[in-house]
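Report on the structure
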Amino acid sequence: MIDCPVCFKSNTRVKFRARNKKTSITESSFTCTSRDRSQPEIIKCYDCKHEFSNPNDWVSNLHEEYRNVVDVEYASLMAVKNKTFYRASNIVEKFITSGSSILEIGSYAGIFLKIMSDKGFDVLGIEPSIWGADQSRKLGLKIINSTFEETRSEEHTSELQSH
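Residues numbered from 1 in each chain as written. Predicted model: local features only at pLDDT ≥ 70, side-chain atom pairs only at ≥ 80, totals over all residues. Heavy atoms only, no water.

1. Structural notes on the sheet that holds strand β2 (residues 42-45)
Rules: Each pair of strands is called paired provided DSSP finds at least two bridges between the two strands. The way it works is that DSSP assigns letters per residue, a run of H or I at least four long becomes a helix, a run of E at least two long becomes a strand, and they are numbered from the N terminus. Whenever a helix is involved, its axis is fitted only over the stretch in contact; in every case the axis is a line through C-alpha atoms, and angles between N-to-C directions fall within 0 to 180 degrees.
Across the sheet, 3 strands lie side by side as β1-β2-β3; this open sheet has antiparallel pairing. On the outer flanks of this sheet lie β1 (12-16) and β3 (51-53), each paired with one strand and no other. Strand-to-strand, the axes of this sheet are offset by a mean angle of 35°, without reference to chain direction. Pairing analysis gives 3 bridges linking β2 to β3, with the strands arranged antiparallel. Within β3, the residue paired with K44 across the bridge is E51.

Here you go:
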């Protein structure tokens, strides 16, 4: 079995089998509104309870294709997405102190961060999609257009530490 990327233990099992598995992907595969989405195998760690996609299912150009995603249809769903993320924000608020800093990894178009910012939280997003980062900036949000792994560079360290 595959070791957990959080606790590094091997007490993992398949929770959900892969469906619609693809051998190649394009940037349209990553749009939230895509009907051409494959669903990777999901693994659960029984030590720390973390659930993750099987990295063996990832295609080699994953980061490059995601970076170039453009999800025009997503904009037409903003009203629905706002309702969904507003409900999520109410749940999150129960667990954090008012005015806390929030770092969202994979902030996409920034809807959740915008709601949290409007509620008085200090927010920062990390989003590898150029389109998603641009959408977030249009909402007035501070976004690092990068993968989480890339934020470890000196260029981004000060941004993360000041947050």
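2. Brief notes about the packing of aromatic side chains
This is how it is decided: Any pair of Phe, Tyr and Trp rings, taking the six-membered ring for Trp, is counted once the centres come within 6.5 Å. Such a pair is stacked with planes under 30 degrees apart, edge-to-face with planes over 60 apart, and tilted for the rest. Classification of residues uses two cut-offs on accessible area relative to the type maximum, computed with a 1.4 Å probe and protein chains only: under 20% is buried, over 50% is exposed, and between them is partly exposed. To sit over a ring, a charge needs its Lys NZ or Arg CZ within 6 Å of the ring centre and within 35 degrees of the ring normal.
The full count for this structure, using the stated rule, is 4 aromatic pairs. Plain terms: the ring middles of Y74 and W131 are 6.3 Å apart, the flat faces sit at 90° to each other, and that makes the pair edge-to-face. With Y74 in helix α2 (residues 72-75) and W131 in helix α5 (residues 130-138), the pair connects residues that are 57 residues apart, well separated along the chain. We note that Y74, like W131, is buried. Ring centres of Y108 and W131 lie 5.5 Å apart, and the angle between their planes is 55°; on these two criteria the pair is classed as tilted. Placement of Y108 in the loop between β4 (101-105) and α4 (111-118) and of W131 in helix α5 is noted, with a sequence separation of 23 residues between them. This pair shows no difference in class: Y108 is buried, exactly as W131 is. When the ring centre of Y46 is taken as reference, the NZ or CZ atom of R13 above it lies at 4.6 Å. Stacked on the ring of Y86, the Lys or Arg K119 has its end atom at 4.2 Å from the ring centre.

3. A word on the confidence of the model for the protein
Definition in use: The quantity called pLDDT is the predictor's confidence in a given residue, expressed from 0 to 100.
Counting all residues, the mean pLDDT for the protein is 83, and 77% of those residues have values of 70 or more. Ranking the helices and strands of the protein by mean pLDDT puts α4 first, with 97, and helix α6 (residues 154-161) last, with 56.

4. Considerations on α5
Convention followed: By definition, residues are in contact when any of their heavy atoms lie within 4.5 Å. For the purposes of these results, a polar contact is taken to be a pair of N or O atoms within 3.5 Å, where, inside protein, one atom must be able to donate a hydrogen and its partner to accept one; residues adjacent in sequence count only when each atom of the pair is a side-chain atom.
Of all the positions in α5, only W131, G132, A133, Q135 and S136 are classed as buried. The inward-facing, buried residues of α5 contact α2 and β6 (143-144). Looking at where α5 begins, the residue whose side-chain oxygen comes 3.4 Å from the main-chain nitrogen of W131 is S129. Phi for G140, located one or two positions after α5, is positive at around 85°.

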